[in-house]
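Fold and contact review
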Amino acid sequence: MHRSRNRVVFILGAGRSGTTLLYKILSAHRGVAYLSNYQRLFPNLIVLAGLQRLLNQFPEYKRKFWFQENGGAYFNKRRKWLHAIVPTPSEAESVYASCDIPLVPDDDYHLQPQVAACLRDKFERILKMSNSEILLTKRTANNRRVPIFREIFPDAKYIHVVRDGRAVAYSLLHVAWWDEHILYWADRTPRQMVEAGFDPLELAARNWVMEMNSLEQGIALIQSNQLLEVRYDKLVHDPHGQLKRILDFMELSDQIDPDFWEIVESLQLAPKPDAWTNNWTESEIDTVQTLQADTLHRWGFLKGRGFAC
């Protein structure tokens, strides 16, 4: 019997921190269920989660259709139709919306019993249909929903992926969705704000700060044994060691899964020089670091104030 209350794991992290990469890697394990593109399109047709069970028989398709040839997990353009029909881990905001989970909860938000029951029931049914041990989900908006999830799934676990805010800001400016993405803290898109006179570099830098502020508030509510921090740079430097640590935290009963480890090996994850260090001018670096300084120090990305790089 599947028990969703203590078999649900949420991946948290600011956008472009490596959350999508980790989401797809962990979802490649046959014991892990996920919200897929089918749940995104048809949030009430839970039976489609059964396709995940079928895909587990063809692990080579996960590698071929979920990741780029170079191991990247993010597609900066629309995927080919053949790729799109393969069940693929998705943020699937429509699943949360179908249960009336607010995108940005008000400070005085009060969870209604029917809302909690709706999401709990859908997660339980997805677990059952996929024949998996654990349901894993990643959604940037979930950074602000931790208080809600703590009520619905009191025994759930959380993985917080942390990446240097300067690298995050640089990455945001180079993804297709950024300009039209509504910034929850401004209620406008970067394109609209740039047209109003804001500097695009400052917006990207500030977005990381705002996301981390939200995350810090949510993380403070999570018991230490239910929270695992994963540094992006450590993940790509030692993927096997870090993934073993994560699987232990998730309490998967079968961690062997040779197909999973074969996929991990094929991704050839390795650290790369941060593009921002080579492509930003000294003035641009100063702009970003001035905006992010306190948060960079707090998370150990800048020297001084008792923190190490």
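Our structure is the block above this text.
What comes next concerns the included structure. (Residues numbered from 1 in each chain as written. Predicted model: local features only at pLDDT ≥ 70, side-chain atom pairs only at ≥ 80, totals over all residues. Heavy atoms only, no water.)

1. With respect to the overall build of the protein
Scanning the protein from N- to C-terminus turns up 16 helices and five strands. Here the C-alpha atoms of the protein give a radius of gyration of 19 Å, agreeing with the 19 Å that 2.2 N^0.38 yields for 309 residues. With the C-alpha coordinates of the protein rotated into their principal frame, the extents come out at 55 × 45 × 40 Å. The buried share of the protein, reckoned over its 309 residues, is 52%. In the protein, once contacts between residues fewer than 6 apart in sequence are set aside, the share between residues at least 24 apart is 75%. With an accessible surface of roughly 15000 Å², the protein has 52% of that area assigned to carbon and sulfur atoms. Counting 38 positive and 37 negative side-chain charges, the protein places the centres of these two groups 5 Å from one another. (Helix = DSSP H or I, 4+ residues; strand = E, 2+ residues; numbered from the N terminus. Rg over C-alpha atoms; globule rule 2.2 N^0.38 Å. Buried < 20%, exposed > 50% of the residue type's maximum accessible area, 1.4 Å probe, protein only. Contact = heavy atoms within 4.5 Å. Areas by Shrake-Rupley, 256 points an atom, 1.4 Å probe, with all protein chains shown as cover. Lys, Arg positive; Asp, Glu negative; His and termini not counted. Charge placed at Lys NZ, Arg CZ, Asp CG, Glu CD.)

2. A closer look at the state of the cysteines
Taken as a whole, this structure holds one disulfide when the rule is applied. Each sulfur in the disulfide pair C99 and C118 lies 2.1 Å from the other. Looking down the S-S bond of the C99 and C118 bridge, the torsion is -70°, so its handedness is left-handed. Of this pair, C99 sits in the loop between α6 (93-98) and α7 (113-130) while C118 sits in helix α7, and the two are 19 residues apart along the sequence. The class for C99 is buried, based on a relative accessible area of 2%. (Disulfide = S-S within 2.5 Å.)

3. Details of the packing of helix α4 (residues 59-66) against helix α14 (residues 258-267)
A pair of packed helices is characterised by two quantities: the angle between their axes and the separation of those axes. Between α4 and α14, the least distance of the axes is 9 Å, while the angle of their chain directions is 30°. For the element pair α4 / α14, the angle class is roughly parallel. Regarding α4 and α14, the two cross each other, and that crossing is right-handed. For the pair α4 and α14, the contacting residues are P59, K62 and R63 in the first and D259, I263, S266 and L267 in the second. The residue makeup of the contact of α4 with α14, split by class, is three nonpolar, one polar and three charged. (Axes fitted to C-alpha atoms, helices over the stretch in contact; angles between N-to-C directions. Parallel < 35°, antiparallel > 145°, perpendicular 65-115°, else oblique. Left-handed = near helix turned anticlockwise from the far one by under 90°. Nonpolar A, V, L, I, M, F, W, Y, C, P; charged D, E, K, R; others polar.)

4. As for the packing of aromatic side chains
With the rule as written, the count across this model stands at 14 aromatic pairs. Pairing F58 with Y61 gives two aromatic rings, centres 5.7 Å apart and planes at 15°, and the pair type is stacked. With a centroid separation of 6.0 Å and an interplanar angle of 50°, the aromatic rings of W276 and W280 are classed as tilted. Side by side, W276 and W280 carry an identical accessibility label, which is buried. (Phe/Tyr/Trp six-rings, centres within 6.5 Å; stacked < 30°, edge-to-face > 60°.)

5. Points about the nonpolar core
Judged by nonpolar contacts, the single largest core of 91 residues is most densely connected at F10, L26, L119, F123, I159, L243 and M250. Among the elements that take part in this core, helix α11 (residues 200-219) stands out by supplying nine residues, more than any other. When neighbours within four sequence positions are excluded, M250 is seen to be in contact with R7, V9, L26, V32, I134, L136 and I159. (Core = buried A, V, L, I, M, F, W, Y, C linked by side-chain atoms within 4.5 Å.)

6. Points about the pairing of strand β3 (residues 134-138)
Among the five residues in β3, five count as buried, and that is most of the element. Taking every second residue as pointing to the same face, both faces of β3 are buried, with I134, L136 and K138 on one and L135 and T137 on the other. Where strand β1 (residues 8-12) meets β3, four bridges bridge the pair, whose relative direction is parallel. Opposite I11, over in β3, you have K138 as the bridge partner. Where strand β2 (residues 32-34) and β3 come together, three bridges link them in parallel fashion. Note on β3: the bridge partner recorded for Y34 is L136. (Pairing = 2+ DSSP bridges.)

7. Considering the environment of D199
With respect to the secondary-structure elements, D199 resides in the loop between α10 (190-195) and α11. Of the residues examined, D199 reaches a relative accessible area of 34% and is grouped as partly exposed. Here the alpha-carbon distance between D199 and Q217, two residues 18 residues apart in the chain, equals 27 Å.

8. Topic: the side chain of D257
The residue D257 is located in the loop between α13 (239-250) and α14 in this model. The buried category is assigned to D257, whose relative accessible area is 4%. The contacts of D257, once residues within four sequence positions are left out, are A28, H29 and R30.

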